[in-house]
Amino acid sequence: MTDANLTAFRGRANSRLPPEVNRILFVRNLPFKITTEELYDLFGRYGAIRQIRKGNTKDTRGTAFVVYEDIYDAKTACDSLSGFHVLDRYLIVLYYQPAKKNKKGDLTESKSEIEKMKTKYGVKGFKDESHGVKWGR
């Protein structure tokens, strides 16, 4: 490592990043005609990329996931490319947050788990008369 690289690394190691920052970026509002190679060129300016996954179904067209090798490169790319104008569109670049994506699945899972517990313990209803909910076995 050269002295310049070592100094930059020390500066990065001492800086604190917000908790939502991670190596995976979620990109929205991509032009449908943009190629994966063009995405590598665009996002590769900010650091080494591990992987780019571009949406190709009707529901995922215009989106992509960009995975960087280094979290600081991802932060720089997110800061620099949010609102960037590409082929008559402005990019929306966000940090990927799987917890937000899975909330619907978690709710369904929780409901099925509650039903299993009701069956296991023989609970038939939970309606409290004051709030429209009945308590009882």
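This text follows the structure it describes.
Residues numbered from 1 in each chain as written. Predicted model: local features only at pLDDT ≥ 70, side-chain atom pairs only at ≥ 80, totals over all residues. Heavy atoms only, no water.

**A few points about the sheet that holds strand E1 (residues 24-28)**
Part 1: One open sheet accounts for 4 strands, arranged E2-E3-E1-E6; its pairing is antiparallel. Two strands bound the open sheet, and with one partner strand each, they are strand E2 (49-54) and strand E6 (92-95). Going across the sheet, the axis of each strand differs from the next one's by a mean of 20°, ignoring polarity.
Part 2: Sheet analysis places E1 next to strand E3 (residues 64-68), joined by 4 bridges and oriented antiparallel. Counterpart to Leu 25 in the pairing with E3 is Val 66. (Pairing = 2+ DSSP bridges. Helix = DSSP H or I, 4+ residues; strand = E, 2+ residues; numbered from the N terminus. Axes fitted to C-alpha atoms, helices over the stretch in contact; angles between N-to-C directions.)

**Brief notes about the environment of Ile 71**
Part 1: Position of Ile 71 among the secondary structure elements: in helix H3 (residues 71-81).
Part 2: Owing to a relative accessible area of 26%, Ile 71 belongs among the partly exposed residues under this scheme.
Part 3: It is 9.6 Å that separates the C-alpha atoms of Ile 71 and Gly 47, two residues lying 24 residues apart in sequence.
Part 4: Those residues within four positions of Ile 71 in sequence are excluded, and the remaining contacts are Leu 17, Val 21, Asn 22 and Arg 23. (Buried < 20%, exposed > 50% of the residue type's maximum accessible area, 1.4 Å probe, protein only. Contact = heavy atoms within 4.5 Å.)

**Things to note about the nonpolar core**
Part 1: With 21 residues, the main nonpolar core has Leu 25, Phe 43, Val 66, Tyr 68 and Val 93 as its most contacted residues.
Part 2: Where this core is concerned, the elements lending two or more residues are E1, helix H2 (36-44), E2, E3, H3 and E6.
Part 3: The element that contributes the greatest number of residues to this core is H3, accounting for 4 residues.
Part 4: Beyond its immediate sequence surroundings of up to four residues, Leu 25 is in contact with Phe 43, Ala 64, Phe 65, Val 66, Tyr 68, Ala 74, Ala 77, Cys 78, Val 93, Leu 94, Tyr 95 and Tyr 96. (Core = buried A, V, L, I, M, F, W, Y, C linked by side-chain atoms within 4.5 Å.)

**As for unusual backbone geometry**
Part 1: The backbone of Asn 29 sits at a positive phi, close to 65°, despite the residue not being glycine.
Part 2: Structurally, the position occupied by Asn 29 is in the loop between E1 and H2.

**Notes on the pairing of E3**
Part 1: Of all 5 residues making up E3, 4 are buried, and the element is well covered by its neighbours.
Part 2: One ladder, built from 5 bridges, connects E2 with E3; its direction is antiparallel. Pairing of Gln 51 across the sheet is with Val 67, part of E3.

**Notes on the pattern of salt bridges**
Part 1: Within this structure, the stated rule accounts for 3 salt bridges.
Part 2: Across the pair Glu 69 and Arg 50 runs a salt bridge whose closest N-O atoms are separated by 3.0 Å. Remark: Arg 50 occurs in strand E2 and Glu 69 occurs in the loop between E3 and H3; sequence separation between them is 19 residues.
Part 3: Taking relative accessible area as the criterion, Glu 69 reaches 39% and is therefore assigned partly exposed.
Part 4: Its salt-bridge partner being Glu 115, residue Lys 118 comes within 3.6 Å of it at the nearest N-O pair. In this pair, Lys 118 and Glu 115 are both assigned in helix H5 (residues 103-121), 3 residues apart and thus about one turn of the helix distant. (Salt bridge = Lys/Arg side-chain N within 4 Å of Asp/Glu carboxyl O.)

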